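One-letter residues, chain by chain:
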Amino acid sequence: SELNNVSNSPSISACQSINYVPDLNPKKAYEYKYVGVMTIGRDRPDLAESGVRIQCSLKITGVSDQTFLLQINDLTFDEFNGIPGKSSFVTSPKLTQRVAAELTQPVMFEYVRGQVGDLQAPVEVSHSVLNIVRGILGFLQVTVKTTQNIYELEELGIHGICQSNYAIEEDLNSKELHVTRIVDIKNCREKAAVYKGMALALENNDCKERGDNTVEIVQYKYNVRPTEDGGLITKVYAEENQLFSPFNVKGGNSKLLATQEVFLIGVTDSVGNVTPSPMQNRGNQIYKFGTELNQIPLQLNKNTDPMAKISELIEHIVAANIKQVDNSRTADILQLYQLLRLVTLDNMETLWNKYLGNSEHRRWLLDVIAEVSDARVIRFLINRFQRGDLSVNEATQAVLLTFNHLEANSETVEMCKEFLIMPFSRSSDLLWSTVLLSYGSVVYRYCGTVDPCPLIAVQPLLDLATDSLSRNDEADLIRSLKAIGNAGHLSSVKTIMKFLPGVSPTVVSVSTRAQRAAVQALRHLVQEITLNLFMQRNLSSEVRMQACLILFDTKPPLALVSMIASFLLEESNLQVASFSYSLIHGLARSQTPDNHILSIACNVAIKILKPKLGHLSYHYSKALHFDWFNDDFLIGKSSDIYIFKNVNSYFPSTLISKWKAYFIGRILETIEVTAILVYLALLFFILHYVFIYVVSQYSVTQHILFLSEWQSLPEKQPLISAFARVFGQEVFHADLNKDVIQSVMQAISPKAGKESPVWNMIENIQNGVAWHWTKPYLIFETRYIRATMTGLPIEISKYYLSVTGSTVNAKSTISPPPTDNLGQLLNADILFETDGNVRSAKDLFVFHGINTDVVQSGAESISKCLLNIPWKFSIKMNVKSMKFQLDTPPWKTRTEILSLNYNVYAVSRNIEDPAEAKMTPMMGDHMEFEENPQTLKNTTGESGQEQVSERAHYLSEYPLYYVLGYTRCAFTLEPVRTKFSKCPRYNILHFQISMKLMHCIMFSNVIQNVIVTVVLLYLQSLGSIPDPVLIMTALAVSGNDKPEGYETTVYLTQAAEKDEIQLLVSQIGEEANWRLCVDADGHFATIITMQLQWGAECQTYKINVEAETSHLPGSNPSVNATVNWEEVPEYMQEIGKVGEYIPGVALLQRFSQTHEKNPEKQISALVTLATSESIDMRMEIPELTVYQKEIPLPFQFFPFESNQQDEGPSISSSVRLLEIQGKFAVQLHIYIFVCLV
């Protein structure tokens, strides 16, 4: 289709007898020389590159007026791997023979007036080889218009149906026409490209405006000679560039350079008629995808017997990882993925039957077969569900992995529907939730590929929601709504609206919990409904806050944000007002490109709202937003924390944590975790009760109090709910209800006997247990594959593979062993011994280059990270006497705890010479540092830290080139190998605690006991205790094989007027005299004093601290604290110099200040609680006094009463967390405040 963008330049060649429109004469033979080259590298001096070159001769003869035969001869296929200018292309005879067997077969093509039509080729010619033919024939594809100099066309070519821009110029001397053609392959109506693995990483135009990570340019230059048969193409030079970077291409890039050179050798008359062999129509000039879609670009193997190789690999992988994860075998796992994608469903069934009875092999097969990612693996799972030869745990993991990595199309969506009706799917709540959520995710990805998305895809979920409502099954209703939210189908809005009051005439009555799920189901859909919900003041606070959150996720315009701000000025619900204001405030400071326009609108709204809502503290619901974005790297991140509260509790009712990643013009919602904690306060009390009950006994009154609170919990409603989203799709949902807690309490009760599962666990541990687990997981596989002018595909792919494993050995000795109930353990001496490790290997591969089933050539970065956590220790304990002893043996072997290895290579592989594969470090020993070199080598083996890196450029200059060098970083545990060392190094040997657990004074409210127990554990007990209440010893063996370490002793003395605590820390060892002495007096009424001394016999250094509280009638509570010192170490004196910055900091924080003579070596502060949300502060340091009134607090203090219910918990609230009468209430508030400060 020709566009109306034509210049007014004069036409070419007024003489009508000259014809430049290209054409071929079927009675003649045309011979050309062809050279096609592709190289991939950094286009910098002395950096390694790789590439391929195809050279051949072409002969074109006529079959009919518009049909011609192409014969390719004298083919050579060359490879390059090395330094440009120092290395050269090398012919691969075997690869040449392999390609020539197909490429030299004749191919017919249609050709009319410079347009290449359909191709016909023998059936044995593969798609890969025929694409090379398409690339070669591209030199004939040119549209010449002699009436215009510059014009635009939409043309069909090897890259697809794309926009072409032409410029033509006539050489008056040679009478040849020079044609320049630029193909805009980023502006194609139909592009020969495939994107895989990026359905959930959404493209964002705002991010792309900051820069791009790929730039693609295609240019052809033709010489056309006029003849009586039409224009004859005598010479073609074509060049294609693709610049790629994980960051912004302007900061350095990996460059693909593809060139084609075609020269006319001669034109002769044809001799006789051409009789072609039988051929098949193979379509038009557009590149056709084939085996390259199944070929992982990181390895190239002959797959002559895939089943035998799969079995061999599984055996090797299991053996290598049976004790601990072997990070050197990740290449085998990738090859296993590759091979499983080649086999049939029957082959998969054969493998399953082979390994059905072997737990290790079976687990590995299930984990890797999920990455087949097409209809075969879905049918395989359907067979497992129907035959019941999977456990529920195996089935849950398999569905989660398979569905979320599945290629979503109409076939796989229909097959996935079968899981919704199979009885096994409902065999557990977790499995059923996983099936529903995963199906919704498949529908979402499918709808991203078709427009409009058929209703039939989401209909089963809509039917389930309606059916759940009719059965009054709230749990299933919520599951179905969550799955509908995952699907994000526009036709589901009507069903969702039925559960939202005020937005539908046919609304049904459901719980707030179901309303929350319905609001969340709108997150991929419409803006108007969430606005309607937000503005309904009769709805619950949390539903409105959820609606506000989703509303701002839709990026509302300035007018809508201004309307929301005006609405909030009249808002009476301070929970909603505080949440909305803090959300707008956070977005106003956003730096990410997608929030640029929204942040401007939010800035305007903040100016309107701040006078009224800017003072609200963290006692109310809040939204916290943090983000950053870097234009040079085109990467960024954002994190959000949403805290929903209600009027009856200090604890949040809902917590949400959300993270996003920004990279290369896309936004990925990496993870979101939500916990609904409506009954958290009561659960704290229950857990506290259970703990105390295990180690002691409650009174009858306390037990009755517990039963009262227990019975107040709802029977069916979850006490805690949690769900997680990964990449924007909910993948996990679980509820903790009363039945679960009750079963746990019964299992761990001291009265529980042999029927308890804990009893069986203890018996097993006494006999010794060994447990091993591994989990391979392909975190992501993203691929961008497109055609190039040569007919070879260029690919940009990223593979992130994780293998995590754990090995645990444990054994316990109990004396005397329990015979009747678990309570007997409290009086027994217990020895618990364990060793093992947790290892996690994470490999990230990035490939840019040519990837086919016969040749691979490109740039490949490999990053390998290994985390290794070993342990070996024993614990001795007696619960009744409260004695605990921890022992760890000396470390005897060098162990790498954390390591990172990274490098970039120029790679070349071909299927016929696998032993000749090359991986040349892009920056090797040949590197000549010409521009700002950076080389850093730092190894300190004894300290366990190693770092080696080589860099060719500074980070600020070319970020990509900075990271292309070799990097190794490691942290190790080293055994002590010598008794002589400048600094002592220890191996932990012994750690012991002895203490007496004391009951705490109980207060009237059951919940406060949880908090007060912690605060007063060392302050109050049932009487005077002359013996130490805590003894803690930590010993180690140094180079002289003698134990050294520290012993800590705590004493508590109680009296009517004050409590006294003494803490002594003493160094253990020959001639050791270092001690730390702390004496603290707590006057129950108002004063706390503390004296801290340390050094030789506690005499070297000394600090005194005194804090006094006051709450006189008619005045507000206050605390006055003073710190003074006599002698302190030099490092503390250096820290004290920070005081020089106090005047400047105080000025920035708007503190008033006066210069006056205050006592030396002393700091004092007076803090007065001005209101429930602010304090007055006055601080004196030597030479300066600073003060400020009504400093806002991030929380509220009580017992300040409030006349407005939404401002916070009143004293009469049902859950009165800090309801402590009289002086103690004030003292506890100020005590907590001082601790926080």
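Residues numbered from 1 in each chain as written. Predicted model: local features only at pLDDT ≥ 70, side-chain atom pairs only at ≥ 80, totals over all residues. Heavy atoms only, no water.

The name given to the protein chain in an unreviewed UniProt entry is Vitellogenin 3, phosvitinless, with Paramormyrops kingsleyae as the source organism.

Trainee: Teacher, can you tell me more about the state of the cysteines here?
Mentor: As used here, a disulfide is simply a covalent bond connecting the sulfur atoms of two cysteines. In the structure shown here, the tally under the stated rule is 3 disulfides. Each sulfur in the disulfide pair C162 and C188 lies 2.0 Å from the other. The disulfide joining C162 to C188 has a torsion of about 100 degrees about its S-S bond and is therefore right-handed. Here C162, found in strand β8 (residues 160-170), pairs with C188, found in strand β9 (residues 177-191); they are 26 residues apart in sequence, far enough to count as distant. Looking at C162, the relative accessible area reads 2%, which means it is buried. Note on cysteine connectivity: C447 is disulfide-linked to C453, with sulfurs 2.0 Å apart. Here the disulfide of C447 and C453 is left-handed, its torsion about the S-S bond being about -55 degrees. Per residue, the accessibility class of C447 equals that of C453, and both read buried. In the protein chain, the bonded cysteines, numbered by position in the sequence, are linked as 1-2, 3-4, 5-6. Left unpaired, C548 is separated from the closest cysteine sulfur, that of C602, by 9.7 Å. (Disulfide = S-S within 2.5 Å. Helix = DSSP H or I, 4+ residues; strand = E, 2+ residues; numbered from the N terminus. Buried < 20%, exposed > 50% of the residue type's maximum accessible area, 1.4 Å probe, protein only.)

Trainee: Hey, could you run me through the pattern of salt bridges in this one?
Mentor: As a working rule, side chains carrying opposite charge can pair if their charged atoms are close by. Summed over the entire model, instances satisfying the criterion amount to 51 salt bridges. For the salt bridge of D332 with R329, the shortest nitrogen-to-oxygen distance reads 2.6 Å. Look at D332 and you get buried, because its relative accessible area is 14%. Given a relative accessible area of 23%, R329 falls into the partly exposed group. Where salt bridges share partners, they join R426, D429, D467, R471, D473, D476 and R479 into one cluster. (Salt bridge = Lys/Arg side-chain N within 4 Å of Asp/Glu carboxyl O.)

Trainee: So what exactly am I meant to see when it comes to the packing of helix α11 (residues 429-447) against helix α12 (residues 459-470) here?
Mentor: Helix packing geometry: the angle between the two helix axes and the distance between the axes. α12 packs onto α11 with a crossing angle of 135 degrees between their chain directions and a minimal axis gap of 10 Å. Of the possible angle classes, the one that applies to α11 and α12 is oblique. Helix-helix and strand crossings are classified by hand; for α11 and α12 the assignment is left-handed. Residues W432, L436, Y439 and G440 of α11 lie in contact with α12, whose contacting residues are P460, L461 and L464. Of the residues that constitute the contact of α11 with α12, the class distribution is 6 nonpolar, 1 polar and no charged. (Axes fitted to C-alpha atoms, helices over the stretch in contact; angles between N-to-C directions. Parallel < 35°, antiparallel > 145°, perpendicular 65-115°, else oblique. Left-handed = near helix turned anticlockwise from the far one by under 90°. Contact = heavy atoms within 4.5 Å. Nonpolar A, V, L, I, M, F, W, Y, C, P; charged D, E, K, R; others polar.)

Trainee: Any chance you could explain the nonpolar core here in plain terms?
Mentor: I378, F385, F419, L500, L533, F552 and L583 are the most contacted members of the largest nonpolar core, which totals 134 residues. Setting aside residues up to four positions removed in sequence, I378 forms contacts with T402, F403, L406, M415, C416 and F419. M38, Y166, V224 and L264 belong to the second-largest nonpolar core, a separate cluster that totals 74 residues. (Core = buried A, V, L, I, M, F, W, Y, C linked by side-chain atoms within 4.5 Å.)

Trainee: Looking at this model, I keep getting lost on helix α16 (residues 527-534). Mind explaining?
Mentor: Note on helix geometry: an α-helix contains 3.6 residues per turn, so any two residues three or four positions apart are oriented the same way. Those residues of α16 that fall on the buried side of the exposure criterion are I529, T530, L531, L533 and F534. In this structure, the buried residues of α16 make contact with α14 (493-497), α15 (512-520), α17 (541-553), α18 (558-569) and α19 (574-588).

Trainee: How should I be thinking about the pairing of strand β43 (residues 1184-1192) in this particular structure?
Mentor: Along any regular strand the residues' side chains alternate between the sheet's two faces. Sheet topology places strand β40 (residues 1152-1154) next to β43; 3 bridges connect them, and they run antiparallel. Among the inter-strand pairings, Q1153 is bridged to a residue of β43, identified as V1186. Pairing of strand β42 (residues 1174-1181) with β43, which is carried by 7 bridges, proceeds in the antiparallel orientation. Considered in β43, the bridge of E1180 is made with T1185. Where β42 folds back on β43, the antiparallel hairpin that results is connected by 2 residues, among which E1183 adopts a positive phi of roughly 80 degrees. (Pairing = 2+ DSSP bridges.)

Trainee: Where do I start with a nonpolar patch on the surface in this structure?
Mentor: A surface patch of nonpolar side chains, amounting to about 360 Å² of accessible area, comprises V838, L867, I869, L898 and F971. Relative to the helices and strands, V838 is located in strand β24 (residues 829-851). (Patch = residues over 30% accessible without salt bridge, like charges linked within 9 Å, V, L, I, M, F, W, Y side chains within 5 Å. Areas by Shrake-Rupley, 256 points an atom, 1.4 Å probe, with all protein chains shown as cover.)

Trainee: Explain the side chain of T834 to me, please; I cannot follow it from the model alone.
Mentor: As for its placement among the helices and strands, T834 is situated in strand β24. Residue classification places T834 among the buried positions, given a relative accessible area of 8%. From its side chain, T834 meets the backbone oxygen of N809 in a polar contact 2.8 Å long. A polar contact is formed between the side chain of T834 and the side chain of W871, at a distance of 3.2 Å. When neighbours within four sequence positions are excluded, T834 is seen to be in contact with V808, N809, A810, W871, K872 and F873. (Polar contact = N/O pair within 3.5 Å; in protein donor to acceptor, adjacent residues only side chain to side chain.)

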